[in-house]
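# Coordinates in review
The primary structure of each chain is shown beneath.
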Amino acid sequence: MRVQIEGDSNTTIEWLNGRWDMKNPRLAPALARARRSLYVAWGTGRVNVATDGADWARHIYREYNKDCDATATAALERQCEIAAINLVPWELLRGHAEANVVARFDGGRREGKAGAAWALWVKIGTNMYPWMVYGFGVGSATSSSAELAACSSLCSHIEHMAERLAACGMPDLGIDEAQRVPRRIRPRLALADTLIACAP
């Protein structure tokens, strides 16, 4: 399963890809958890970046992220969990080796409350099939914290999907080690472990 992560916060995207350093110790543990989840998912051999040698994530404009934005806003207002699941794409994913997953996230803050959300689509050729949307309130977090909460939750779910695909008997992608290492993720694993250990 090839995964393309997309978000409209360029800062969070660059943090996740390792291009920009995280200098805020309060946000670093969430970023570390996200990076570690992607590394563990990649390590199963069932998940890889959308294009060999590319980064995990790319920036998109807000108008292409309306589903996540609307879900994050609803979660922000209600401070609760919101979920919608379509089970059909799971079978599509298992039955089509060429299927890719597009994973988008968003977070925001308004009037002292914050919310986060992510959504998944299965892409086969040029067709996109909605799979699931998940949103949750994150109290009075900052906008950056909400974006990272959404990103970390999404990456954790990608790790869970990789484990499920392995349990279902999906064959390894068959990509050799040198091709399969996403840029900048592997060297930062030790740092991620340290940050997770220090997280409150």
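Residues numbered from 1 in each chain as written. Predicted model: local features only at pLDDT ≥ 70, side-chain atom pairs only at ≥ 80, totals over all residues. Heavy atoms only, no water.

Looking at an unreviewed UniProt entry, one finds the protein chain named RNase H type-1 domain-containing protein, with Prorocentrum cordatum as its source organism.

## Some remarks on the nonpolar core
Note the threshold: What we call a nonpolar core is a set of buried Ala, Val, Leu, Ile, Met, Phe, Trp, Tyr and Cys residues that are connected through their side-chain atoms within 4.5 Å. Under the scheme applied here, a residue whose accessible area is under 20% of the maximum for its type counts as buried, over 50% as exposed, and between as partly exposed, the area being computed with a 1.4 Å probe on protein chains only. For helices the rule is a DSSP run of H or I covering at least 4 residues; for strands it is a run of E covering at least 2, with both sets numbered from the N terminus onward.
The biggest cluster of nonpolar side chains holds 41 residues, and the ones touching the most others in it are Val3, Ile5, Leu16, Leu120 and Ile158. For this core, the secondary-structure elements that each account for two or more residues are strand 1 (2-7), helix 1 (10-17), helix 2 (28-43), strand 5 (100-110), strand 6 (113-124), strand 7 (127-137) and helix 5 (143-167).

## Details of the environment of Leu165
Considering the arrangement of structural elements, one finds Leu165 in helix 5. With relative accessibility at 0%, the residue Leu165 sits in the buried group. Here the alpha-carbon distance between Leu165 and Gly45, two residues 120 residues apart in the chain, equals 9.8 Å.

## Some thoughts on the pattern of salt bridges
What counts is decided by this rule: Counted as salt bridges are all cases of a side-chain nitrogen of Lys or Arg within 4 Å of a carboxyl oxygen of Asp or Glu.
One pass over the full model with this rule turns up seven salt bridges. Connected through shared salt-bridge partners, Glu6, Arg58 and Arg104 make up one network.

## Looking at the side chain of Asn17
Formally: The term polar contact refers here to a pair of N or O atoms within 3.5 Å; inside protein, the definition further demands a hydrogen-donor-capable atom paired with an acceptor-capable atom, and it admits residues adjacent in sequence only when both atoms are side-chain atoms.
Position of Asn17 relative to the elements: it lies in helix 1. Only 2.8 Å separates the side chain of Asn17 from the backbone oxygen of Ala57, close enough to count as a polar contact.

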